[in-house]
Structures are given as C-alpha cells and as structure tokens.
Amino acid sequence: MAKINILDSSIFNLISAGEVVENPSSVVKELLENSIDSGASEISIAIEDGGIKSISVVDNGCGIECEEIEKTVLPHATSKISSAKDLLTIGTLGFRGEALASIAMVSEFCIKSKFIENDKAYAMEVVGGKSSDIVATNLLQGTSITVKNLFFNTPVRYKFLKSASGELALITNLVKNFIFSNPDISFKYSVDSKIILQTNGDGLENGIYSVFEPSIANNLIPIEYDNHNYKITGYIGKPASNAIVNNRNKQIFVINGRVISDNELSCVVQNAYGEYLMKRTFPIFILDILLPFDMVDVNVHPNKKEVRFANKKAVNGVIYNAVKQSLNKNYVSMQNELKESLFTIKPSNESDNLDEKQFVNNENAANQNQNNKINTDIKQEEFKINNQIVENWGKNDIDTLPITNIKFSNGITNFADSNLNDKIFVEKSIEKQINKVIYKIIGQLFDTYILIECNDRLLIVDQHATHERIIFDKLIKESEGNIDMQQLLFPYSVNLENDELAGIEKQLDNINKLGFQMEILGNKLTLNAIPYMLIDMDISEFVRDVVAEIKEINLISSLPQVRIKLAKMSCKKAIKGGDKLNSDQLDYVVNYFFNNNNIALQCPHGRPTVIFVSRTEIEKMFRRIV
Ligand SMILES: Nc1ncnc2c1ncn2[C@@H]1O[C@H](COP(=O)(O)OP(=O)(O)OP(=O)(O)O)[C@@H](O)[C@H]1O
Ligand SMILES: [Mg+2]
C-alpha cells in the first residue's frame, strides 16, 4: 500500500465526513473495509458481547510499514487518495482517512501489522486517542486490529447502545453483506468464541449457501447481464418460492463492491417481477452491479451507505431489464422442465405402463386401424372427441375412464380401447419424437386441489389458480387489438416535460393498441378514450403511473391497469377453491397441463398453479429411502 498522506484541509473539506462510529457494527464495517482495501484474501472477525466488549479483525493483506502505523489513527490520514481529483474515481472502499482515528478516540484500540516487504511486525496501542510507542510484535502476516470497551470514555454514546444481542444482530447482518459483496474472500466470523459463519472465498454461490438455509439458497436464480458500461451478476428469488418473503430485509445491492441501500432501485426490481409476485411480497436478491467509477459518486453519505449515480435512469433501466430477462429465462426453463417431466416417460418395468417399443407397436396398430375409425378434426381440449366417447366421459366415474386417446402429429386423433384405467395421451413433437403421457387423476383434495399421478410425480393443481390463468390468457388473447373503447366526455389533458413526452411518444402505439386513445399535442398529453373495461379507472393515477414508468425505466413494462382488470375479471369467473367439481370440470382443468404448449406456472396474481412432489420425496417422508 502506498504511503499514508495527511490530507490538506482544502481536500478534506470536500469530503462528506461524518461521525463514522455509531455502534459496534459501524466499527466492524470500517475494519472490514480496510482489510478488503489491503488486498486480503482471508479475514477473520471475532466479536464478544455484541462487540461492546471486544471486536477483532485479522486479515492477510499487505500490512502497514512500521513508520506508517502511527499515522493510521491521525485524522485525515489515508493512503487511498492524495488529491481532490482522486475523489472522482475512487476504487477503494475507504478514502476519507477518518475511520481509525475516530475509532481509536473512543475505545481501547490495538493495531498490529506486518508490512508485506518486511520481516518484522509492529504494534501500537491507543487508549481514548492516546497512542503508545510502536513496539515489535509477532504476527506472521497482514494486520490485526482489536477494539475493546467501545465508548468507555463517552458515557452518553455508550448509553445509546442497544442490548448486546441487538448490536450483535446488526453485526451479523453486516458480515453477511460483506460475504455477498466479496465472494472471493474467505471469511470466518465467530461470536463469543463460537464460529457462526465461514466461507471459503470460492464465489457467490458458495457464499449464499453459507449464509442462507437451503430452502432459500435452492430457490435463488442466477442473473447475468452485460452491456458495455454495466455488468450485473447475482441471484434473485424464484417466484412463488421460499425466496419470496414478506419484508425487504434480504435485498442487497452491491455497487462496485460496496453494499448500499436504495429504495428506488428496490422498487425497480419489484416492478420487474410484476405478475411474478403476489401482493405485499418481496424477493430476496443479491445484485452485484459494476459500472465505471466515474459514473457513481460514493462521497454522498457519512457512512457511504448510499451512492449517487450519474445516470440514474440508465441504471434503473439496466436493472429492470436484467431482472426481467433472468426471470423470463427461468420461467421458460421451468416450463420446459415441467413439459419434459410430463411428456417424457422413463422406461419402466411395470407391466401396466407402455414402454417405448410397445408404444410404437400400438402406433402401427392404430395407424392400420385408422381407416376403420371415425377420424375427424378432433381437438381434445374441446371434448368433441367422438360422440360416443364424450357420452362415456359424462357417465363414467373419473377413476375408471376406459379411454385411450392417441393423438398423432398429423392432427388426427384416434381412439383405441385399452384395459388401462389411466388416460393415455400421446403426441409426436415437432422433432418427430414420440412423447406420451400417462396420468391418473386421483381426485379432488379439500374441494380445492386436484391430485394427479404422472411419471413418478404427484401433481397438486390449484383448481382456482389454474382456471383463472386459463381465462386470463384467453381474455388477453381476445383483447389484443380489439378492445372496446369508451370515449371520454371530457378528455383528460396534462402538461408534461419534454423528456417525459418524448418517452411516451415512443410508446404511444403500444398504449393505443390496448384500447386507449392518447395523443400528444405540443407539450400536452391528452387522453380521449380508454378501454371500456376500465371505465371506472382513476385516469389521473393511470397517467401518473405511465409517466413514472417512462421516467424510471424508459419503458412501460405492462400497462398494469389493463392487466389487473383482466386478472380481476378472470378471478371472478374462475372456479373457486372449495367448489366441488364434476368429472368434466376436473378434466377441463387437468387438461390444461396435458394439452398445452405454454403451461403457466402461476396465476395472474402470482400464486402457483401446480406443485410437484416426486415419488422420491414421498418415499423419503415414509423413510422407505433415506
Ligand atoms: N487492515 C489494514 N491493512 C493495511 N492498511 C490499513 C489497514 N487498516 C488501515 N490501514 C491504513 O490506514 C489508513 C487509515 O485507515 P482509515 O480507515 O482510518 O482511513 P481510510 O480507509 O483511508 O479512509 P476511510 O476513513 O474512508 O475509511 C488507510 O488509508 C490504510 O493505509
Ligand atoms: Mg478505512
């Protein structure tokens, strides 16, 4: 590390200095930042009595030269900047040269350090700001700092400390944040001589598994985004999983290696989730954002917990896109996984399952019989399969439906009698592969869920969420381009800023496609008509939302009101939880999963439509396997 400079007052007055030592956790923060700046790859933290009695941070970084050690506790002493110009491109976590000075004023402070190029290590003690002589000590590498009896000489500040457990909670949370923002550093964190957290410095995924319990860690999806200026990596909570919670405590933004809080950015992420989230629920996430140092000002908050961006709109847009992209990707892969598990049958020895070979024989047989069978344009989902069979479906109990329904890629549906109690639906995919599904509707549970056995899995279908999704998708499709409009008696006008108008102008077509009639004249935005179904909407609120979205992320993610309305309509029309279903209704809902290329895993309000339990999981519950 370079020499420590005592900053000139002309520079330190430019610095947003503040009281850095509020509590034990702020001491831990400063010590950890220094260790990271020193290039350490291993850092251990030991806390006693919530940090009030003792905090110790030991690193294997570059260390400090003997002559420099005494300077570390002088005010405005830093090796990280030397001129005002350096403030524009800060690449280290510290730069004010005030942390150790402030800490050493209010504690019993001890620093030991071995400079990387020296053989010997040296130590200094500072009690309430009074330094001892520098003495030789034994330390193999790096720097070790111990802070004891914090605020022993400032009783008023001591009085404001929380209980030891309250202070400890803050420190633990902070250490977790450091683990996430420095996944390549190995951390060891012990509390009252007991190791609480330990990481191997082997990347973010490992860090996540050391901090979160598996039920959360297993439900985080990776995010990766790169567009020249901005690079985003990290993990975000999988929709409808344990990684979606009812508070924002586990939402972490790391900007250029620094954990910051930013409510606006949290809202951007929330918006990007959109319909993937249920009301009043929040995703857990760790978003690591790298951007050029000169595009972010870290010198705005006394504790450096907030930053200012040169181009906030761009940052918002990039985060929005990154999150949306990763959610969509995850969704498609979950859908594919679902399809694969539904439409691919593992070879099985059970005699009542058809294996691939038998099936091909069946197909041939069915093909040969084709001329003798009644073949029409039959679509399974419409139940117009075959008059006789439709009648049978009505009469039969679902448990004993004696139907084998074989559907071929040429669109012809054929029926062959079978002794199977299961329904068999066979489909050739575009790749000319033969896929087949054998499923058995076990029945309705609590008049709310439908239980289905399929491919060594138990599917638990939420009848309401699924039916709601079916109706919603239909409504969305029907409404595309032909939404009934209602002319407003008094058109709604509002004056907007030029950049707001420019943003909206680009989206005007999209807005008007959804049944609005919006126009821009001069600096005025006018709404002449709205979709008929939104007749009772709050127009000024709608315009405000649109303008806010344009401002925030430069695009209109979805026109929320239209979709919310459609979702409400679908919700009202759908079968409810608690409704007893007859076999046709059961079939109708279940059919959605077996005769659909685009199965939705969530209803329009973000609740899951279907949950799987594998045979293995069930067998584990019964200890058949361990
Ligand atoms: N663990 C460490 N390893 C090596 N050098 C250190 C360590 N801790 C402190 N130093 C040296 O002591 C100096 C003073 O540290 P201090 O934390 O007071 O200021 P800073 O990190 O430069 O700025 P800030 O006040 O913003 O944290 C640092 O600039 C650095 O040179
Ligand atoms: Mg520092």
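Procedures and definitions
- Residues numbered from 1 in each chain as written.
- Chains lettered and ligands numbered in written order.
- Predicted model: local features only at pLDDT ≥ 70, side-chain atom pairs only at ≥ 80, totals over all residues.
- Heavy atoms only, no water.
- Helix = DSSP H or I, 4+ residues; strand = E, 2+ residues; numbered from the N terminus.
- Buried < 20%, exposed > 50% of the residue type's maximum accessible area, 1.4 Å probe, protein only.
- Areas by Shrake-Rupley, 256 points an atom, 1.4 Å probe, with all protein chains shown as cover.
- Pairing = 2+ DSSP bridges.
- Axes fitted to C-alpha atoms, helices over the stretch in contact; angles between N-to-C directions.
- Contact = heavy atoms within 4.5 Å.
- Near = heavy atom within 4 Å.
- Polar contact = N/O pair within 3.5 Å; in protein donor to acceptor, adjacent residues only side chain to side chain.
- Nonpolar A, V, L, I, M, F, W, Y, C, P; charged D, E, K, R; others polar.
- Core = buried A, V, L, I, M, F, W, Y, C linked by side-chain atoms within 4.5 Å.
- Arc of directions from axis to C-beta.
- Phe/Tyr/Trp six-rings, centres within 6.5 Å; stacked < 30°, edge-to-face > 60°.
- Salt bridge = Lys/Arg side-chain N within 4 Å of Asp/Glu carboxyl O.
- Expected span 1.5 Å × (residues − 1).
- Parallel < 35°, antiparallel > 145°, perpendicular 65-115°, else oblique.
- Left-handed = near helix turned anticlockwise from the far one by under 90°.

Enquirer: I would appreciate a short explanation of the overall build of the protein in the present structure.
Expert: In terms of helices and strands, the protein carries 18 helices and 30 strands. Per-residue burial for the protein yields a buried fraction of 50% across its 626 residues. When the accessible surface of the protein is summed, it comes to about 31600 Å², and 50% of that surface belongs to carbon and sulfur atoms.

Enquirer: Whenever I open this one, the sheet that holds strand E29 (residues 524–531) confuses me. Can you help?
Expert: Sheet strands pair by backbone hydrogen bonding; their relative direction is either parallel or antiparallel. Taken together, the 3 strands give an open sheet; going across it, the order is E27-E29-E28, and neighbouring strands pair in antiparallel fashion. Since the sheet does not close on itself, it has two edges, and those belong to strand E27 (485–495) and strand E28 (517–521), each with one partner. In this sheet, adjacent strand axes meet at a mean angle of 15° when their direction is disregarded. For E28 and E29, the ladder comprises 5 bridges, and the chain directions are antiparallel. In the sheet register, Leu-521 faces E29, and the bridge partner there is Lys-524. Running over the sheet, helix H14 (residues 498–513) touches E28 and E29 and is turned about 155° from E28.

Enquirer: Honestly, the site of ligand 1 in this entry has me stumped. Any pointers?
Expert: Near ligand 1 there are 23 residues, and of these Thr-78, Ser-79, Lys-80, Arg-96 and Lys-304 occur at the shortest range. The separation between an oxygen atom of ligand 1 and a polar side-chain atom of Glu-30 is 3.4 Å. Leu-100 is positioned such that a nitrogen or oxygen atom in its backbone is 2.8 Å from an oxygen atom of ligand 1. Take the shell around ligand 1: its biggest share by element is 3 residues, from helix H2 (residues 24–37). Across the shell around ligand 1, the residue classes tally to 7 nonpolar, 10 polar and 6 charged.

Enquirer: Where do I start with the nonpolar core in this structure?
Expert: A general tendency of soluble globular proteins is for nonpolar side chains to be buried together. Counting 61 residues, the largest nonpolar core has Leu-287, Ile-319 and Val-323 as its most contacted members. Of all the elements, helix H10 (residues 312–343) adds the most residues to this core, at 10 residues. The contact partners of Ile-319, leaving out residues within four places of it in the chain, are Ile-232, Phe-253, Leu-265, Val-268, Val-269, Leu-287 and Ile-289. Grouped together as the second largest cluster of nonpolar side chains are 56 residues, Val-21, Ile-43, Phe-109 and Val-211 included.

Enquirer: So what exactly am I meant to see when it comes to the sheet that holds strand E12 (residues 220–227) here?
Expert: What the 5 strands build is an open sheet, ordered E12-E13-E18-E15-E16; its pairing is mixed. Each of the sheet's edge strands pairs with one partner strand only, and the pair in question is E12 and strand E16 (258–260). Neighbouring strand axes in the sheet, compared pairwise and without regard to direction, differ in orientation by 20° on average. Note: strand E15 (residues 251–255) against E16, 3 bridges, orientation antiparallel. Each residue of the ladder has a partner; that of Ile-255, found in E16, is Arg-258. Contacts from helix H7 (residues 204–211) reach E12, strand E13 (230–237) and strand E18 (285–290) within the one sheet, and its direction differs from that of E13 by about 30°.

Enquirer: Is there a simple way to think about unusual backbone geometry in this case?
Expert: The bulk of non-glycine residues show a negative phi, and the bulk of peptide bonds are trans. The phi dihedral of His-76 falls on the positive side, at around 55°, and the residue is not glycine. The residue His-76 is located in the loop between helix H3 (66–69) and strand E4 (77–78) in this model. The phi dihedral of Ala-240 is positive, around 50°, even though this residue is not glycine. Position of Ala-240 among the secondary structure elements: in the loop between E13 and strand E14 (244–245).

Enquirer: Would you take a moment to explain H7 for this structure?
Expert: Counting along an α-helix, one turn takes 3.6 residues, and residues three or four places apart therefore face a common direction. Within the sequence span of H7, burial applies to Leu-204, Gly-207, Ile-208 and Val-211. Down the axis, H7 shows its buried residues gathered within 100° of arc, on one side only. Taken together, the buried residues of H7 touch helix H6 (164–181), strand E11 (194–198), helix H8 (214–217), E12, E13 and E18.

Enquirer: It is not clear to me how the packing of aromatic side chains should be interpreted in this structure. Could you clarify?
Expert: Aromatic ring pairs are reported here in terms of the distance separating the ring centres and the angle at which the planes meet. Applying the stated criterion to the full structure yields 5 aromatic pairs. Both rings, one in Tyr-439 and one in Phe-594, keep their centres 3.7 Å apart while their planes meet at 10°; by these two values the pair is stacked. Note that Tyr-439 is positioned in strand E24 (residues 434–445) and Phe-594 in helix H17 (residues 583–594), a separation of 155 residues in sequence. Overall, Tyr-439 belongs to the buried group, its relative accessible area being 3%.

Enquirer: Please clarify how the pattern of salt bridges should be interpreted in this entry.
Expert: Pairing is possible between side chains that carry opposite charge, provided their charged atoms lie close to one another. Tallying each qualifying case throughout the model produces 14 salt bridges. For Lys-312, the salt bridge is made with Asp-262, and the minimal N-O distance between the two is 3.0 Å. Taken together, the residues span a long stretch of sequence, with Lys-312 in helix H10 and Asp-262 in the loop between E16 and helix H9 (263–273) at a distance of 50 residues. In this structure Lys-312 comes out as partly exposed when scored by relative accessible area, which is 23%. Residue Asp-262 is classed as buried on the basis of its relative accessible area of 12%.

Enquirer: What's the story with the pairing of E13 in this structure? I'm lost.
Expert: The side chains of a regular strand alternate, first on one face of the sheet and then on the other. Taking burial as the measure, the 8 residues of E13 include 6 buried ones, the bulk of the element. With 8 bridges connecting them, E12 and E13 associate as antiparallel partners. Residue pairing across strands places Glu-224 opposite Thr-233, the latter belonging to E13. What sits between E12 and E13 in their antiparallel hairpin is a turn of 2 residues, with His-228 showing a positive phi close to 45°. Where E13 lies against E18, 6 bridges are found, and the strand directions are antiparallel. Bridge assignment links Lys-231 to a residue of E18, and that residue is Leu-290.

Enquirer: What's the story with the environment of Val-135 in this structure? I'm lost.
Expert: Of note, Val-135 is situated in strand E8 (residues 135–137). As for Val-135 and Ala-123, which are separated by 12 residues in sequence, their C-alpha atoms are 5.3 Å apart.

Enquirer: Please clarify how the pairing of E15 should be interpreted in this entry.
Expert: The buried count for E15 comes to 5 of 5 residues, which makes it a mostly enclosed element. Burial of the side chains of E15 extends over both faces: Gln-251, Phe-253 and Ile-255 are buried on one face and Ile-252 and Val-254 on the other. Both E15 and E18 contribute to a ladder of 5 bridges, which runs parallel. Among the inter-strand pairings, Val-254 is bridged to a residue of E18, identified as Asp-288. Once E15 ends, the chain turns through 2 residues before running back antiparallel as E16, passing Asn-256 with a positive phi of about 45°.

Enquirer: Explain H17 here, please?
Expert: Between its terminal C-alpha atoms H17 stretches 16 Å, which fits the 16 Å expected from 12 residues at 1.5 Å a residue. With 9 of 12 residues buried, H17 lies mostly within the body of the structure. Along H17, the residues that are buried comprise Ser-583, Leu-586, Asp-587, Val-589, Val-590, Asn-591, Tyr-592, Phe-593 and Phe-594. Of the residues flanking the start of H17, the one acting as N-cap is Asn-582, its side-chain oxygen 3.0 Å from the backbone nitrogen of Asp-584.

Enquirer: Can you help me understand the packing of H6 against H7 in this one?
Expert: Packed helices, taken two at a time, are described by their axes: the angle between them and the distance between them. Across the interface, H6 lies against H7 with an axial gap of 8 Å and an inter-helix angle of 160°. Taken together, H6 and H7 sit at an angle that is classed as roughly antiparallel. In this structure, H6 crosses over H7, and the sense of that crossing is left-handed. On H7, the residues touching Lys-176, Ile-179 and Phe-180 of H6 are Leu-204, Gly-207, Ile-208 and Val-211. Its residues placed into classes, the contact of H6 with H7 shows 5 nonpolar, 1 polar and 1 charged.

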